[in-house]
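What follows is the residue order along each chain.
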Amino acid sequence: MKEDSPVLYPNEKVGERVCSYAKAHTTGIPQYIHEYHEHIRQTMPETSMYMVSLSQAQALSFLTRTFGATRILEVGVYVGLSCLVWSHAVGPEGKITGLEFDSAFADQARETLQKYGVDNVEVITGDALQTLPALAPSEPYDMVFIDAQKSGYPHYLKQILEGSKPGAPNRILRKGGLIVADNILRCGFVADDSEDNPWRKHDFGPHRPEYWKSDDIKALKAYNELATAEERLENWLCPLWDGVSMSRLLD
Ligand SMILES: C[S@@+](CC[C@H](N)C(=O)[O-])C[C@H]1O[C@@H](n2cnc3c(N)ncnc32)[C@H](O)[C@@H]1O
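In the annotation of an unreviewed UniProt entry, the entry for the chain reads S-adenosyl-L-methionine-dependent methyltransferase, and the organism field reads Stachybotrys elegans. Taken verbatim from the UniProt record of the chain, the Sequence similarities (unreviewed entry) comment is "Belongs to the class I-like SAM-binding methyltransferase superfamily. Cation-dependent O-methyltransferase family."

Dropping the structure here:
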């Protein structure tokens, strides 16, 4: 096995068992978050795949706490599952801001947060391409989690960099803060859209024929190119889940 292209596990069965073992030996997230995840899976089957998986939530919570983040900006809230995760990770003294385009999703997220007694999350309704650059936080965020429309990813990255210059008033992200972008490999298409990729046979719906050639995939590639070329960022593209890009702002 070549060190640079590790096959994590030899087949799906072993992979599943190893992952469930790893999950059982990882600090869990609270039961109410599991319950809400399951509730959305049952009641909103057509969109529930928008949510981060609970194992990814565990990993990102761990990461958040490891570098002491207390302020998180999320782009793409859906119905608030990941906001519950961030809110728990930062604790009651922390603060979360979520940006969501769809008002019905945003309302459901607010109702859910209220139901669980979570009062450190603000959800702002609107197109994040407009609401993100309009933010003027009194303190910069420690982390931005990008999980909205893929075509917006390069724009969000540029907006964050532009709004986080050293010495700027109300900068968005602090020095040393993280930009985390989800689904950055999109079924592996971003790195390999050849016929070797079995996801080419998947039906992504009538609006997404030949998805591997789509503008979404082009935008994700553009995001990775931008992040890699940007001297202000130190990057780790983590190939787990659907690909998670992590960039640390150096200045
Ligand atoms: C993948 S989901 C987010 C899932 C959520 N982070 C979670 O893990 O539970 C993406 C969300 O981004 C929202 N979205 C899409 N385009 C947007 C935009 N331009 N501005 C803000 N939100 C947008 C969608 O309505 C959708 O709810």
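Moving on, there is more to tell.
Caption draft 1: Structural view of the site of the ligand. Taken together, 20 residues lie near the ligand, and Gly-76, Tyr-78, Ser-82, Phe-101 and Ala-128 sit nearest. Counting only elements with at least two residues in the shell around the ligand, the list comes to α4 (81-90), β2 (95-100) and α6 (128-134). By residue class, the composition of the shell around the ligand is 12 nonpolar, four polar and four charged.

Caption draft 2: Examining the environment of Lys-201 more closely. Here Lys-201 shows up in the loop between β5 (173-182) and α8 (215-229). Residue classification places Lys-201 among the exposed positions, given that 7 C-beta atoms sit within 10 Å. Measuring from C-alpha to C-alpha, the distance between Lys-201 and Tyr-211 comes to 9.9 Å, with 10 residues separating the pair along the chain.

Caption draft 3: Spotlight on the packing of helix α3 (residues 54-66) against α4. Packing of α3 against α4 leaves a shortest axis separation of 9 Å and a crossing angle of 35 degrees. Note that α3 runs across α4; the crossing there is right-handed. Where α3 abuts α4, its residues Ala-57, Ser-61, Thr-64 and Arg-65 lie against Ser-82, Val-85, His-88, Ala-89 and Val-90.

Rules and cut-offs
- Residues numbered from 1 in each chain as written.
- Predicted model: local features only at pLDDT ≥ 70, side-chain atom pairs only at ≥ 80, totals over all residues.
- UniProt positions renumbered as here; feature names shortened; annotations may be inferred.
- Near = placed C-beta within 6 Å.
- Helix = DSSP H or I, 4+ residues; strand = E, 2+ residues; numbered from the N terminus.
- Nonpolar A, V, L, I, M, F, W, Y, C, P; charged D, E, K, R; others polar.
- Buried ≥ 20, exposed ≤ 12 C-beta atoms within 10 Å, placed from the backbone.
- Axes fitted to C-alpha atoms, helices over the stretch in contact; angles between N-to-C directions.
- Left-handed = near helix turned anticlockwise from the far one by under 90°.
- Contact = placed C-beta atoms within 7 Å.

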